Each structure stands twice: as C-alpha cells, then as structure tokens.
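Examining the three-dimensional arrangement
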Amino acid sequence: MWRSVRDRLALLELYSAGRLKRRRSQGAAFAAIAELPWTRVSSRSDELVLVEARRFELAALLTRVWPEWSTLLADLGARGLPPTPEGWAALEDARRAEGLGALPPRLNRRTAASLAAPHSKARLTGRRRAALGRVAPVHDGALRLRPPDGLVVRTRLGVVDLAAVARVLGEATIAGRAFDEDLRFEGPLRGVLLVENLGAWRDLPEVDGVLLVHAPGWDTPVVFRFLEAVRPAVAAHFGDLDPAGVRIYRRLRSRRPDLRWFVPDAWSELVAARGLPAAWPPGLDLADAPPLVRSLAARGLRLEQEPLVVDPRLPAALDALFRAADDTPGDAATIGP
C-alpha cells in the first residue's frame, strides 16, 4: 500500500485539508484510511475527517512512505493547487513547462506530448498546449497518391510532376506539412477518388484523369485539409460497406458535402458469394445510404471493398462516376488559397 502517487496524495490531502473525499481513482486508499483510528466519517458518507489529536501519526506515516511530502505540499500551495490527483497533474505539467527550452515552430503531436505531458501518447490538454507557447502540434499524416498524367504539385519550395514520380516509385506521397507551404495541384483532373483500404487503392484499375487517394480509415486530419482545398468536378469515396464504412463516409462528407459514395447497384449480385456477417447498430443513420448498403444492414451482412476491385464491371462504373466532369468547364483543380 502507498506505493502509488494517487494513494499517497490521499494521505496528503487528509493532512492538508483535514478531510478526504472519496474518488474512484483513490478507492483503495480511501478504504484503507477509513480503517485507521485517525479518522471518522463525516456527515457525508463519501468523506472522511481527520481526528486532530492523531495528526502527528498521519505525519509520521507520510514521512515513512513519502519523505519529501512537506516540500511537495509547499510547492502545491505556492502554485495555488490542491493536494489531489488533479492538482498533482497540474503541478507536473507546470514543472515540465518550466523545463522547456527553445522549440521549433512545429512539432509532431507525439513529440509535443512527450515534452508537455507525461508521455508521447498522452492527451494534449489546453494547459499543455499553452505550455508549448507558439509551437503548433501537427498530426503529420500523409496522402498516398496514384496521379493521372499531367498532374503536378506546386509549393513555395518548387514544382513536382506527380505522374513522373509515380512512374519511378510506384506512387507519390504528400506529407501533411506540405499544405502549410501553399500547396496546390495544377493540370487536368476529372476527379478524385478516396479509397479507404490500402489493398483496394493499390489494385484499383487506373481511371483516365482521376486522382486515386489512399485515405485510411479514421486517420483523417490530412484528408480533411485535402478535401477543404481541392475542388474537382467530382469527388467520391470508395470504402467497405459496413457500419464503420458508413461512419467514415459521413465524417468525410461533413467536410465535403458534395462527396459521392461509390456503390454501384450491380454489386448487389456479389452479396451471396462475398457477404460476411456483421452487426449493424440500430441507431445508425442510413436514410440517404445507397440501396445496397440498406439491404446489407437489413440482412446483417457486410461487403469488403477488396474483392470488388477485380469485378470486370468496375472500370465502366468508375468511368460513369466521373463522366460528369467531362462536361464541366475548365480542366484544372487547385489546392491552396
């Protein structure tokens, strides 16, 4: 007992305030302290009160299990923080903030968290962001692209022929930070197709004049930046036909209301051979979902997108999806201000 900071904080709060509130995170410590003869239950069942005549015994226990307790209590008090788990977290954040030196203007969010929070995967709260000053924590996602011929990307740092890069390397990649450099696309572009899964994106047949973008699942921050900027005649999403796929599409559409959902009706013929069991939650909104999606939900089935990329009808379906762009004036999509 008393090995964890949370448990020792219960002793410190009792000593400092003369009272201890029951908290879920300190349940074991509260129960142990309640058995000691130094406390009594207050008029509230979730609160213990220190018997003042036994305070010296509590101080002796604190000295034994947390020798530096008096210094820590003074530090908390000097900062106006209570000796509680929340106060302790604020104290640790403040100490980390005081130890930060000069930082670059941008840091990966994991690096930023490792400096301002207990570890790299901790949440960057408002207090921790404030400690970083003007540092911008960035997600650092990336877009994997299969670009059409003639499409180039321009930033303040130069111009790159994306199709030429893809011919040599098999694909082109754009880091999220490139959007901070006034990134824009130039060249003919019929449309954009966002593809949820890597295998399906890699194996989709090429579509003349269409940019194929791997937009993985819920990892969407860089995709949001892309959708907010690019404005081809047609933008569409191709994903799994299951509850998660529905939610992902709706999340993407929240940033791009005209985003189409690529679900050809002919794929209903594949359900018998390729349908897999799935639990569709009753509250999932399918009001404007394609007929095939509603049918899958009613039957408790789902379709993965990977087998669909080898359907011989796919090239014609994709061409029809982007045919609207052929009658749209202009042939360039622009990203950037």
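Residues numbered from 1 in each chain as written. Predicted model: local features only at pLDDT ≥ 70, side-chain atom pairs only at ≥ 80, totals over all residues. Heavy atoms only, no water.

1. With respect to the environment of E181
With respect to the helices, strands and loops of the structure, E181 is situated in the loop between β9 (172-175) and β10 (184-186). E181 sits in the buried class, given a relative accessible area of 18%. Those residues within four positions of E181 in sequence are excluded, and the remaining contacts are R106, T155, R156 and L157. Within the structure, E181 has its side chain in polar contact with the side chain of R156 (distance 3.0 Å). (Helix = DSSP H or I, 4+ residues; strand = E, 2+ residues; numbered from the N terminus. Buried < 20%, exposed > 50% of the residue type's maximum accessible area, 1.4 Å probe, protein only. Contact = heavy atoms within 4.5 Å. Polar contact = N/O pair within 3.5 Å; in protein donor to acceptor, adjacent residues only side chain to side chain.)

2. Thoughts on the packing of aromatic side chains
The tally for this structure, following the rule as stated, stands at 7 aromatic pairs. Ring plane angle 15° and centroid distance 4.4 Å describe the contact between Y249 and W261, whose orientation is recorded as stacked. Pair noted here: Y249 is in helix α11 (residues 243-253) and W261 is in strand β14 (residues 260-261), with a separation of 12 residues, a long-range link. Assessed through its relative accessible area of 4%, Y249 is described here as buried. The exposure class assigned to W261 is buried, which follows from its relative accessible area of 13%. A ring pair is formed by F262 and W267, whose centres lie 5.4 Å apart and whose planes are at 75°; its orientation type is edge-to-face. The same class applies to F262 and to W267, which are both buried. (Phe/Tyr/Trp six-rings, centres within 6.5 Å; stacked < 30°, edge-to-face > 60°.)

3. Focus: helix α1 (residues 5-17)
Taking 1.5 Å as the rise per residue, α1 with 13 residues should run 18 Å; its terminal C-alpha atoms sit 18 Å apart, in good agreement. For α1, the complete set of buried residues consists of D7, R8, L9, A10, L11, L12, E13 and L14. One or two positions beyond α1, positive phi appears at G18, with a value near 80°. (Expected span 1.5 Å × (residues − 1).)

4. Structural notes on the environment of P282
Considering the arrangement of structural elements, one finds P282 in the loop between β15 (276-277) and α13 (291-299). The exposed category is assigned to P282, whose relative accessible area is 87%. The spatial distance from the C-alpha of P282 to the C-alpha of G239 is 21 Å, given a sequence separation of 43 residues.

Shape descriptors only; they carry no functional weight alone.
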